[in-house]
Amino acid sequence: GAGVSQSPSNKVTEKGKDVELRCDPISGHTALYWYRQRLGQGLEFLIYFQGNSAPDKSGLPSDRFSAERTGESVSTLTIQRTQQEDSAVYLCASSAPGYEQYFGPGTRLTVT
Amino acid sequence: AQTVTQSQPEMSVQEAETVTLSCTYDTSENNYYLFWYKQPPSRQMILVIRQEAYKQQNATENRFSVNFQKAAKSFSLKISDSQLGDTAMYFCAFRINAGGTSYGKLTFGQGTILTVHP
């Protein structure tokens, strides 16, 4: 079946603009995760969804970052008033509870 | 809080030889999983191997094996018969095996860039 997909693949935006990043998880996966990967670094956890609720938002770096999920499908990560330090690859993963996480290809965000 | 440390930013190996990537972690939990992920230039994270903390036997997947030392909190990855396609960034990761709000959340190390030379 289809894997995790993310769009856009690349996004270039001007400082101060808002951006929306989309994640389509594998069908039937109730858990969804967002991670951020800065250049040459490991992945940092941002937020976890179980269904459409987010029991763990502890990794969101500031109130400019928010995310939502529609049922057990699509999730959108929104970054308001983007800053240059937001430049990174944003990765989404989905899983069935207790099983392995399958990652999408990521969105590379560049803030100029 | 859990931390994962990979002390080797870069490693290189000749094709067909063996290489070992190091990882240490810190946790007060007793029930957890450890993983090695591979990230080639395509950015796609690929699970290489998984180890359950309650299992004493080291996990093996074809050319990939781990040396899990629970008391020392060490989890190294050995790649045998290295191939050009093994060139990638490798991440060690940790996950608690429990319910609650942290369920499933992965904590990653900083990564090791592995280059396999022909």
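Everything below is about the structure shown above.
Remember, predicted model here, so these are calculated numbers, not experimental data.

Colleague: So what exactly am I meant to see when it comes to the state of the cysteines here?
Modeller: Joining two cysteines, a disulfide is a covalent bond between their sulfur atoms. This model, assessed by the stated rule, comprises two disulfides over all chains. The disulfide partner of A:C23 is A:C92, and the gap between their sulfur atoms is 1.8 Å. Since a negative S-S torsion denotes a left-handed disulfide, the A:C23-A:C92 link at about -65° is left-handed. Linking A:C23 in strand β3 (residues 19-24) with A:C92 in strand β9 (residues 88-95), this pair joins segments that are 69 residues apart in sequence. Given a relative accessible area of 0%, A:C23 falls into the buried group. Looking at A:C92, the relative accessible area reads 0%, which means it is buried. Shown here is the disulfide that connects B:C23 with B:C92, its sulfur atoms set 2.0 Å apart. Measuring the twist about the S-S bond at about -70°, one finds the B:C23-B:C92 disulfide to be left-handed. Highlighted residues: B:C23 in the loop between β3 (19-21) and β4 (24-26) and B:C92 in strand β10 (residues 88-96), separated in sequence by 69 residues. With respect to class, B:C23 is no different from B:C92; both count as buried.

Colleague: Whenever I open this one, the pairing of strand β12 (residues 112-117) of chain B confuses me. Can you help?
Modeller: One face of the sheet, then the other: side chains in a regular strand alternate in exactly this way. All names here are of chain B. Residue alternation in β12 divides its side chains into a buried set, T112, L114 and V116, and an unburied set, I113, T115 and H117. Inspection of the sheet shows strand β2 (residues 10-14) paired to β12 by five bridges, in the parallel sense. Bridging from a neighbouring strand, Q14 pairs with H117 of β12.

Colleague: Looking at this structure, I do not really get the nonpolar core. What am I missing?
Modeller: Burial of nonpolar side chains together is a common tendency in soluble globular proteins. Within the largest apolar cluster, 26 residues are counted, with the highest numbers of intra-cluster contacts made by B:Y25, B:W36, B:F75, B:L77 and B:Y90. The biggest single contributor to this core is β10(B), with five residues. In this structure, A:A31, A:Y48, B:F35 and B:Y37 belong to the second largest nonpolar core, which totals 19 residues.

The rules behind these values
For every chain, the first residue of the written sequence is number 1, and numbering continues from 1 onward in sequence order. Written order decides the labels, with chains lettered from A and ligands numbered from 1. The model is predicted, so local features are restricted to residues of pLDDT at least 70 and side-chain atom pairs to those at 80 or more, both for listing and for counting; the totals for chains, interfaces and linings are taken over all residues. Computation of side-chain values covers all heavy atoms of the structure but excludes hydrogens and water. For this text, the term disulfide refers to a pair of cysteine sulfurs within 2.5 Å. In this text, helices come from DSSP runs of H or I with a minimum length of four residues, and strands from runs of E with a minimum of two, each type numbered from the N-terminal end. Exposed residues in this analysis have more than 50% of their type's maximum accessible area, buried residues have under 20%, and partly exposed residues fall in between, with area computed by a 1.4 Å probe over protein chains only. Strand pairing follows a simple DSSP-based rule, namely that at least 2 bridges must link the two strands. As used in this record, nonpolar core signifies buried Ala, Val, Leu, Ile, Met, Phe, Trp, Tyr and Cys residues forming a set joined through side-chain atoms within 4.5 Å.

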